[in-house]
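Working through the structure, step by step
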Amino acid sequence: QVQLVESGGGLVQPGGSLRLSCAASGSIFSLHAMGWYRQDPGKQRELVAEITSGGLTIYADSARGRFTISRDNAKNTVYLQMNSLKSEDTDVYYCNVVARTLTAGFSSAWGQGIQVTVSS
C-alpha cells in the first residue's frame, strides 16, 4: 500500500538542529494529513506536529516555536525542522501519513521510527 522511509535522525548537542524527512511511496492517489510523533518505551505515541493537505499545522506545546513541519507534495515528503534541541527531545520519532490509495481507499501508514538523541 503505502511505504514510508524516514531519514535525518542522529546525535546532536543541546541547542543544535536536525531535519527529519519522511518520503512516501506506493499506490498513492493523494496524500492528506502528514505528521510526526514521538514515543518513549512503554508509553503511548504522542503527536509532535501535523500538517494538513491544505498546509494547516498543529504543534505540541513542547515543539511550538522550535520545530517547523512542512511538506513537499511533488516529492510526497514531509519534513520536521528541529531547532534549539533539548535533552528532553531525545526519543524515537515516527512519521505518519494518511493517504488515499489507488486500490484500498484511505490508509494510515507509519514509518519505522528514527532515533533522535540530544546529548553533550
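Below is a summary of the structure that appears in this document. (Residues numbered from 1 in each chain as written. Predicted model: local features only at pLDDT ≥ 70, side-chain atom pairs only at ≥ 80, totals over all residues. Heavy atoms only, no water.)

1. Some words on the overall build of the protein chain
The condition that has to hold: We count a stretch as a helix when DSSP gives it H or I for four or more residues in a row; a strand needs E for two or more, and each element gets its number in order from the N terminus. The globule rule is 2.2 Å times the number of residues to the power 0.38, and the radius of gyration it is compared with is taken over C-alpha atoms. Exposure categories follow from relative accessible area, calculated using a 1.4 Å probe and restricted to protein chains: below 20% of the type maximum is buried, above 50% is exposed, and the middle band is partly exposed. Contact between two residues is taken to exist if any of their heavy atoms lie within 4.5 Å; hydrogens are not considered. Here the Shrake-Rupley method, with its probe set to 1.4 Å, supplies the accessible areas, and only the displayed protein chains count as covering residues. In this tally, Lys and Arg are treated as positive and Asp and Glu as negative; His is ignored, and so are the chain termini. To locate a charge, take NZ of a lysine, CZ of an arginine, CG of an aspartate or CD of a glutamate.
Helix and strand counts for the protein chain stand at 0 helices and 11 strands. Taken from N to C terminus, the helices and strands of the protein chain fall in the order β-β-β-β-β-β-β-β-β-β-β. For the protein chain, the C-alpha radius of gyration of 14 Å lies close to 14 Å, the compact-globule estimate for 120 residues. Looking at the 120 residues of the protein chain, the share that counts as buried comes to 42%. Look at the contacts in the protein chain between residues 6 or more apart in sequence, and 55% of them connect residues 24 or more apart. Of the roughly 6200 Å² that the protein chain leaves accessible, carbon and sulfur atoms contribute 50%. Between the mean site of the 10 positive side-chain charges and the mean site of the 9 negative ones, the protein chain shows a separation of 5 Å.

2. A few points about the state of the cysteines
This is how it is decided: Two cysteine sulfurs form what is called a disulfide whenever their separation falls within 2.5 Å.
Enumeration over the complete set of coordinates arrives at 1 disulfide. Two residues share a disulfide in this structure: C22 and C95, whose sulfurs sit 2.1 Å from each other. On the sign convention where negative is left-handed, the bridge of C22 and C95, at about -80° about the S-S bond, is left-handed. Of this pair, C22 sits in strand β3 (residues 18-26) while C95 sits in strand β9 (residues 91-101), placing them 73 residues apart in sequence. Across the pair, C95 and C22 agree in class, each one buried.

Interpretation note: all reported values are geometric properties and have no functional meaning in isolation.
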